[in-house]
Each structure stands twice: as C-alpha cells, then as structure tokens.
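Structural overview
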Amino acid sequence: MRNLFWFRHDLRLHDNTGLHAACRTGEVVPCVILDDAFLKNSSIGPNRIALFLDAVAALSASLEKSGARLIIRHGKPDVEIVRLLKESKAGGVYHNRDYEPYAVARDARVARAVHDAGAEITPHKDLVVFEGHEILTQAGNPYAVYTQFKNSWLKQELFPAVLPAPKRIAFPAELNALTSVDLKTFSIEPESEVPEISEAIARRRLKDFLDDDVLEYATRRDDPSADQTSKISHHLKFGTLSPRTVVSQARALLATMRKPESRKSIETFISEIVWRDFFFQIMAAFPHVAEGAFRPQYDSVKWATNPTHLKAWQEGRTGYPIVDAGMRQLKKMGWMHNRVRMITASFLCKDLLIDWREGENYFSRLLIDGEPAVNNGNWQWVAGTGTDAQPYFRIFNPTTQSERFDPDGDYIRRWIPELKDVPAEFIHTPSEHPLLCPEYILPIVEHAVQRKKALEMYKAARGEG
DNA sequence: TGAAATGTTGGGGCG
DNA sequence: ACGCCCCAACATTTC
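What comes next concerns the included structure. (Residues numbered from 1 in each chain as written. Chains lettered and ligands numbered in written order. Predicted model: local features only at pLDDT ≥ 70, side-chain atom pairs only at ≥ 80, totals over all residues. Heavy atoms only, no water.)

Attention now goes to the overall build of chain A. For chain A, the count of helices and strands is 20 helices and five strands. Its C-alpha atoms give chain A a radius of gyration of 23 Å, within 12% of the compact-globule value 23 Å for 465 residues. With respect to the principal axes defined by its C-alpha atoms, chain A has extents near 75 × 50 × 45 Å. Buried residues in chain A amount to 55% of all 465 residues. Contacts spanning at least 24 positions in sequence make up 79% of the contacts within chain A whose residues lie at least 6 apart. In the form shown here, chain A has an accessible surface area of approximately 20300 Å², with 52% of it arising from carbon and sulfur atoms. (Helix = DSSP H or I, 4+ residues; strand = E, 2+ residues; numbered from the N terminus. Rg over C-alpha atoms; globule rule 2.2 N^0.38 Å. Buried < 20%, exposed > 50% of the residue type's maximum accessible area, 1.4 Å probe, protein only. Contact = heavy atoms within 4.5 Å. Areas by Shrake-Rupley, 256 points an atom, 1.4 Å probe, with all protein chains shown as cover.)

Structure representation (structure tokens):
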C-alpha cells in the first residue's frame, strides 16, 4: 500500500502515531501543506510562522536520513492533498487529529475531498495523551472541572505506548520527481529572538530538564528570575516533542524517586501536561469557547475600551514593574514565564478592565508556544469566564505578587533597565520612591480603585448590579 | 494558581 | 492592682 502522511503540528519522527501507522502499511509519501489561512493569519504572527518553517526544515532533513523526501506544497489543504494523492498514486492519507474549530472544519473539508477522490483518510490520536472521549464523567460527559479531570486522567490504567521513530521510511523511488516548494521563499523575519528548533533539540531539552530542574519544580517553577521551567512548550506546540514521551519519561523518573519533595515536583510537572490535555478536550467538546466565554453569563461583561491602556500593557509601560517586565520579556523573547503570564493577564482583565480576548490575541501573536486551546483556556481561567475558572473576585495585587515571587527584584531588573540600580526594598513600588526611580513611569491606574471597578463590572454581568 | 475587609484575641501601656 | 484602650497578630468572612 501507498499512503500520504500529512504533517501539521506533529513535526517529528519519534512517537508520531499517524506516521508510525502509515509506515506499517507500506510506502509513505510525507508531506506538509503551507496553508495561507495559517501563513497570513494575523493572530498567529511572524514568531510562530518562522518557528514552524524552521521545524519543517529540520523535519525535512531528518526525513532524508530515513530515506524519504518531505513534499511541501502551498495552497488550500483540500485541493493540494487531493492533487498530491493523484500525482503520487497513493490510496490514502494518514494524519493526526486536531481539535480547534478551524482545524476541525479544515480536516472535514479535506476528508470530503479525499473521499470524493475515491481514497481513504485515517486520522489518529497524537496531539494529546488522552482525548476527551477517553476521560469522561460517570454520566458519560466531558469534564468541565480540572481537578476531577486530572484525578480521572491519573487513574487511567493504560497509558498509550511511546512509539519508536521509523527506522526507514519507504519512500517510492519513482516519486523523486515530485515537485516541492522551496521553504526559503516563505522565510519570514520573526519579531522576537526565537530559539532554534528541531526534534533533536527538543529531546535534549527534555533530558536536561528531567536530569536536574524537575526535582525542585514544585518550589522553583514559580520563580521567574530562576526560570527553572521545562521550556518544552514550543516543542509541544510544533510537535518536535510528543506529550507521551514527556509523560512516560517523567513517570519513569517518578518511579525511582523516594524523596517527597522530588516526587511532588515530578507530579506537579506531569499535572501541567494534564492541564494541556484538559484544555484540548474543552476546546473539542465546547468549541464556543474559541469565540466567547465558557459560561455565557460572562459574555455580557462590559469591558472597557481603552486603546491607550491596551498599548501601554502591550509595550510594558503600565508603571507596575512585574507587569512591565513580563510584557517586555514577551516582546523580546516571544515567551514569558508562566507565573508572570498570570500576573500580566490578571492586570489586563482586572486592573485595566479590558476584554480577555485582546490579551489572548496579543499573546497568540507573540508566543512561540501559542497553542489556541491552551492560550484560550488559560485566559478564560484568569478572566474568570472559563471552566474551573479562578473566581471573578480573585484579583491579583500586582505589587503583592511581585514581592512574593520576585522578592529580590532580579526578574524586574533584568527586563526593566530603568530600575536596574534600584534595591529590592524599593523596586516593587517605584512610584513611592520617585527620587530612586526617576526614569520609570508612574502607574497608569491605581490598583485599589480598579479592583473595585472590576468587582462592579463582573457583578453587573452576573445580573446582581 | 488571592486579597481585602472584618472579627477576635491577647499583651502591654497607661491612668 | 485593675480596667480600659490600642493595636499587632492571627482567623474568618467576603468579594
């Protein structure tokens, strides 16, 4: 048999479920379709497009080592897949399943076109460890509360196996003349300093993390200046690393650990992968979250319209050091420490009273790990509009958070040169020490005042105003 | 994976 | 010595 394998954001050879299955059937023609709906999508942005193209280039190189060519085409996926099916005389298409509404609709169009062409299409589970339909409540419904989902996830008896990379991919020699577009003609300048990406880099990063930092993950992951997070998020986004590989290696390590602190750390790390599965199944089961609040009552929140405040937040000029440090790190690196993502997101929604979708879109444009289901889930969590959400009244105090999580001010000093000589004692409240911080701007809003306004805003939406 | 407002307690200053 | 007040320190409630 001969099949296409259509790579999307599963750009690896190891533990690639659909690719593995395709290889077992016989000959395989690996392909990537460059889709303008992706390349020209303003909510994706140059950082992720550049990283995607880099990951495709790295994949293409490793496929060559396995004896195969990666065929890259540019156009509408339904048209290009069918065209390639005919050109390569393949009987079917294998690919891995996606869950967000655009991808679901696209895949339905492709499936129709493939069937109309008289061929078979075979989707596989690959993006997650467990899909939504594998983790259901006793009543058979999808979970809408994380903790319960996690308990059920952890109780699963059979974790999916980690599949090896195919030793050799049987690429039909007579297809060497198939055309493939030159990736270089699509190359795009990222806005931030994006990292190098490849499957080998991803696997090394995971190993380094599991050899060391994971053992104090429970306590150190919340320290943005130490920054001992795993840094695998962009690999999970583009599929240079599989979540099953991550979980399987973490569980194997856990089995060897006795020290409670180490055990707790590894468990906390695994639970972050569970969050990821959780948000994918939420997006799959409740696709309306892509547009609006998970809880419809919060669709009536009257968010503020204030382009000046929005821009100040985006550029890191709010006058709250921890917020500005985070937003400047995002702009420079295309990445922000998770703790600071929560603080900056809370500030947008509950101090500037701006719609969480503005923040979701801005994060999406810059983040190298921007995964729609995960980004959306986390923003709705912070905004209090989502499933299992932080209650609307749980409002971060940016100064308290700063003192608690960056006590020495090292993170702030790294990203805000105006404050680089300010001692820890004064760095969290620069407006109270104007003589020490002459270069740094004054707060654009007053937290105590905004907090009350936020409570009123949510109260009105709940029909209690 | 909150913070502020409000309530309670108890030590110490003081008349 | 005693009652009163103040106010940390801690606990509970509320948003």
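Attention shifts here to the sheet that holds strand S5 (residues 120-124). The strand order S3-S2-S1-S4-S5 describes an open sheet built from five strands, whose pairing is parallel. Edge strands, defined here as strands with exactly one partner in the open sheet, are strand S3 (71-74) and S5. Averaged over all pairs of adjacent strands, the angle between their axes in this sheet comes to 30 degrees, without regard to strand direction. In this structure, strand S1 (residues 2-7) lies alongside strand S2 (residues 27-34), joined through six bridges in parallel fashion. Bridge pairing in S2 places Leu4 opposite Val29. (Pairing = 2+ DSSP bridges. Axes fitted to C-alpha atoms, helices over the stretch in contact; angles between N-to-C directions.)

This part takes up the protein's contact with DNA strand B. Neighbouring DNA strand B are 14 residues, the closest being Trp275, Met342, Phe393, Arg394 and Arg404. Among all atoms of DNA strand B positioned within 4 Å of the protein, those belonging to sugar or phosphate total 61%. With respect to DNA strand B, the side chain of Asn397 contributes an N or O atom lying 2.8 Å from a phosphate oxygen. Elements represented by at least two residues in the surface near DNA strand B include exactly helix H14 (338-351) and helix H17 (398-405). Class assignment for the residues of the surface near DNA strand B results in six nonpolar, four polar and four charged. (Near = heavy atom within 4 Å. Polar contact = N/O pair within 3.5 Å; in protein donor to acceptor, adjacent residues only side chain to side chain. Nonpolar A, V, L, I, M, F, W, Y, C, P; charged D, E, K, R; others polar.)

So, about helix H12 (residues 307-315). For H12, the full list of buried residues reads His309, Leu310, Ala312, Trp313 and Gln314. If you follow the buried residues of H12, they end up packed against helix H13 (321-333), H14, helix H15 (356-366) and helix H16 (372-383).

Once that is clear, we can look at unusual backbone geometry. Here the phi dihedral of Lys231 falls at roughly 55 degrees; this positive angle occurs in a residue that is not glycine. Structurally, the position occupied by Lys231 is in the loop between helix H8 (217-220) and helix H9 (233-238). You will see that Leu353, though not glycine, has its phi angle at about 60 degrees, which is positive. Take Leu353: it is sitting in the loop between H14 and H15. Note on Leu353: relative accessible area 9%, which makes it buried.

Let us look at the pattern of salt bridges. Enumeration according to the criterion identifies 27 salt bridges in this entry. Here Glu371 ties to Lys237 by a salt bridge, and the two come within 3.3 Å at their closest N and O atoms. Remark: Lys237 occurs in helix H9 and Glu371 occurs in the loop between H15 and H16; sequence separation between them is 134 residues. Classification of Glu371 by relative accessible area gives buried; the value is 7%. Arg341 serves as the salt-bridge partner of Asp369, at 2.8 Å between the closest nitrogen and oxygen. Placement of the pair is Asp369 in the loop between H15 and H16 and Arg341 in helix H14, with a sequence separation of 28 residues. As far as the burial class goes, Asp369 and Arg341 line up, both buried. (Salt bridge = Lys/Arg side-chain N within 4 Å of Asp/Glu carboxyl O.)

What follows deals with helix H5 (residues 101-116). The end-to-end C-alpha distance of H5, which contains 16 residues, comes to 23 Å, matching closely the 22 Å that a straight helix rising 1.5 Å per residue would cover. Elements in contact with the buried residues of H5: S1, helix H4 (77-88), strand S4 (92-96) and S5. Immediately downstream of H5, the backbone of Gly118 shows phi near 80 degrees, a positive value. (Expected span 1.5 Å × (residues − 1).)

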